[in-house]
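So the chains spell out like this:
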Amino acid sequence: MFLVGQIKAQSTAYVIGFGPSAGLQKWDNAYNREPLFQYHATLGMESINNEDDRSSFLMQIGYHVKGSAMRFRTVSFVSGLPGGAYSEQFKFNNISLMLGAKQRGNIGPLPNTRYFYFVGLRGDYTYSTNIDELNSQNSCNRALYPLMGGVQRWMAGFSVGGGLEFQFAELVGAQIQLSINPDVTNQYRQGPIPNVIDYCNPGFSYAVPEQRVRNTSVELTLGLRLLRKVILID
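Some remarks on the overall build of the protein chain
The helix and strand inventory of the protein chain stands at one helix and twelve strands. Beginning at the N terminus, the succession of helices and strands in the protein chain can be written as β-β-β-β-β-β-α-β-β-β-β-β-β. Within the protein chain, buried positions represent 40% of all 234 residues. Long-range pairs, those at least 24 residues apart, make up 71% of the contacts in the protein chain with a sequence separation of at least 6. For the protein chain, the computed accessible surface area is about 13,500 Å², with 62% contributed by carbon and sulfur atoms.

Some words on the pattern of salt bridges
One pass over the full model with this rule turns up 13 salt bridges. For D124, the salt bridge is made with R122, and the minimal N-O distance between the two is 3.1 Å. For D124, a relative accessible area of 1% translates into the label buried. D183 is paired through a salt bridge with R122; the nearest N and O atoms lie 2.8 Å apart. Of the two residues, D183 is situated in the loop between β8 (172-182) and β9 (188-190) and R122 in strand β6 (residues 110-129); the sequence distance between them amounts to 61 residues.

Overview of the pairing of strand β7 (residues 154-167)
As paired strands, β6 and β7 are joined by 13 bridges and run antiparallel to one another. Bridge assignment links Y117 to a residue of β7, and that residue is G162. Hairpin geometry of β7 and β8 is characterised by an intervening segment of four residues between the two adjacent antiparallel strands.

Description of the side chain of S179
With respect to the helices, strands and loops of the structure, S179 is situated in strand β8. By relative accessible area, which is 5% here, S179 ends up buried. Engagement of the side chain of S179 in a polar contact is seen with the side chain of N181, the distance being 3.4 Å. Among residues more than four places away in sequence, those in contact with S179 are F118, V160, G161, S217, V218 and E219.

So, how was this worked out
- Residues numbered from 1 in each chain as written.
- Predicted model: local features only at pLDDT ≥ 70, side-chain atom pairs only at ≥ 80, totals over all residues.
- Heavy atoms only, no water.
- Helix = DSSP H or I, 4+ residues; strand = E, 2+ residues; numbered from the N terminus.
- Buried < 20%, exposed > 50% of the residue type's maximum accessible area, 1.4 Å probe, protein only.
- Contact = heavy atoms within 4.5 Å.
- Areas by Shrake-Rupley, 256 points an atom, 1.4 Å probe, with all protein chains shown as cover.
- Salt bridge = Lys/Arg side-chain N within 4 Å of Asp/Glu carboxyl O.
- Pairing = 2+ DSSP bridges.
- Polar contact = N/O pair within 3.5 Å; in protein donor to acceptor, adjacent residues only side chain to side chain.

As structure tokens, this is what we get:
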């Protein structure tokens, strides 16, 4: 697309990404959780000045499954009855919006490949979770599981990462990216709950301590880059 004006050029790159995620969570007053292996999908836009295409502003919206897991292994002491392994996955399905900046650099012997790194501020919204389902499956002590009332729907965090860009043609390329995405606000927050009845042991009660949960995810993203150029000429 050509417009009349001073000699200047700018580009917009649209990046469609998808890949695996490892969700990590810090739980207060609880056993350490193990990683939750899920996936994510993103759609990003980068504003690039062609006179200095090493730097750009970026905006990205994405779908991310965050959370953690608990894995157990049982051993059977009865002959002929095997033990087994099972897990509980605490999933939070989040929509994320990130605004940030990106810097690129050349790789000498590879003219069509460049490295990059970025940093961005992020806001997340949790639109669904499976913790209510996990809670309903525990008939004895449901208060030991997260409760829907403690889910924080809005969160804030940041993302940092880097990777490689590959140029296949003038307007088509790809990229591979590794990022870490910690939240600075809680995914879950619940005050202490005293005198909870133990339904598996009639006559007994217990107290549930205050609980706060914070997300961090590590993501590997494979992306398709589509470039749109706007050229201003005399």
